[in-house]
Amino acid sequence: MTRPSEGAAAPPPGIVVLTGAGVSRESGLATFRDPDGIWQRVRIEDVATPEAFARDPARVQAFYDARRAQLADPAVAPNAAHLALAELDRRWPGDFLLVTQNVDDLHDRAGSARLLHMHGELAKARCLRCGAVEPSPQRLADGPPCPACGRRGALRPHVVWFGEVPLGMERIEEALAGCGLFVSIGTSGSVYPAAGFVAEARGRGARTVELNLEPSEGSAMFDEARHGPATRLVPEFVEEVLRRHGPGA
């Protein structure tokens, strides 16, 4: 086995970042679990489960069509937190994975590349007939044909509903097992399996940090918690991480 030369710099720690609805709130998108959030206005059981889709597909499609239309509003754009995380992705020389619970595309638009949408993507649709995942038409309620197989009325939102398995769990678990820093941003800490990531990372020796508007339900699990708006906290934290561990540090 080759031994590193004496005095050689240690490799930078792997980073896993988890984001939730709070990171997009300052871009004008509603969160889910706040007192004024989406789940206060509509029941999960009516729009966000496989059973709801089987029972009333028109209602479910209309709900996601409305959210897709909101996302297309020119006023909705990546904010300073999205942009800072994209910069961290670009500049970090070690392993990096940004895991988002959000189905919006603001991380994508900001330029994040090492990105995993564990709850799917609102901008995509999945065909129930052939399984193809394609960019979504603006309105699925109109029953457009699947771009891959041509079947009409077979497209559903490419989002993970309650009762379905999140996407990319094997990749996420591998990243958590090898990371030296885990950062949770804008999450409620109440939705599993994402709420359990901090315990998994901490149990393997990673430093854990929460950046949130207010303490999450799992805030006590973190080594450090900073509270305030994401557009202030995230750029500050990214600058600190790059200064401490980045190239030439």
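Residues numbered from 1 in each chain as written. Predicted model: local features only at pLDDT ≥ 70, side-chain atom pairs only at ≥ 80, totals over all residues. Heavy atoms only, no water.

It is worth spelling out the UniProt feature "active site" (unreviewed entry) in the protein chain at this point. UniProt's entry tags H119 with the feature "active site" (unreviewed entry), counted in the numbering of this structure. In this structure, H119 sits in the loop between β3 (115–117) and β4 (120–127). If we ignore the near neighbours within four places in the chain, the residues touching H119 are T100, Q101, V103, H158, V159, V160 and P166. A polar side-chain atom of H119 sits 3.2 Å from the main-chain carbonyl oxygen of Q101. (UniProt positions renumbered as here; feature names shortened; annotations may be inferred. Helix = DSSP H or I, 4+ residues; strand = E, 2+ residues; numbered from the N terminus. Contact = heavy atoms within 4.5 Å. Polar contact = N/O pair within 3.5 Å; in protein donor to acceptor, adjacent residues only side chain to side chain.)

Another aspect to go through is the packing of aromatic side chains. Per the stated rule, a full pass over the model turns up 4 aromatic pairs. Residues F53 and W161 carry aromatic rings whose centres are separated by 5.3 Å and whose planes lie at 40° to one another, so their mutual orientation is tilted. Taken as a pair, F53 in helix α2 (residues 50–55) and W161 in the loop between β6 (155–159) and α6 (169–178) lie far apart in primary sequence, 108 residues in all. Just as F53 is buried, W161 falls in that class too. (Phe/Tyr/Trp six-rings, centres within 6.5 Å; stacked < 30°, edge-to-face > 60°. Buried < 20%, exposed > 50% of the residue type's maximum accessible area, 1.4 Å probe, protein only.)

Look at the link from Y192 to P193: it is a cis peptide, with omega at 15°. Turning to its location among the elements, P193 is positioned in the loop between β7 (179–185) and α7 (197–203).

Evaluated as defined, the whole model comprises 16 salt bridges. Where R43 meets D46, a salt bridge forms, and the shortest distance between an N and an O atom there is 3.2 Å. Relative accessible area serves as the criterion here: at 15%, D46 is assigned to the buried category. Residue E240 pairs with R226 through a salt bridge whose shortest N-O separation is 3.1 Å. Here R226 lies in strand β9 (residues 224–227) and E240 lies in helix α8 (residues 230–245), a separation of 14 residues in the sequence. Residue E240 is classed as buried on the basis of its relative accessible area of 16%. Bridged by salt links that share partners, the residues R207, E224, R226, E240 and R244 form one connected network. (Salt bridge = Lys/Arg side-chain N within 4 Å of Asp/Glu carboxyl O.)

Residues given the UniProt feature "binding site: Zn(2+)" (unreviewed entry) here are C127, C130, C146 and C149. Across 23 residues of sequence, these annotated residues stay compact in space, with a maximum C-alpha separation of 8.7 Å. With respect to the helices and strands, the residue C127 is situated in strand β4. Classification of C127 by relative accessible area gives buried; the value is 3%. Beyond its immediate stretch of four places on either side in the chain, C127 contacts A132, C146, C149, A154 and L155. Positionally, C130 belongs in the loop between β4 and β5 (133–135). Its relative accessible area of 39% is what places C130 among the partly exposed residues.

We now examine the environment of P229. Mapping P229 onto the fold places it in the loop between β9 and α8. Sequence separation of P229 and E214 is 15 residues, and the distance between their C-alpha atoms is 8.8 Å. Residues in contact with P229, not counting those within four places in the same chain, are E26 and L213.

With that settled, consider α6. Since one α-helical turn is 3.6 residues long, residues separated by three or four positions face the same way. Restricting attention to buried positions, one finds in α6 the residues M169, I172 and L176. Buried residues of α6, viewed axially, fall in a sector of 60°; they line one side. Structural note: α6 exposes E170, E174 and G178 on the side pointing more than 90 degrees away from its buried face. Close packing links the buried residues of α6 with β1 (14–19), β2 (96–100), β3, β7 and α7. (Arc of directions from axis to C-beta.)

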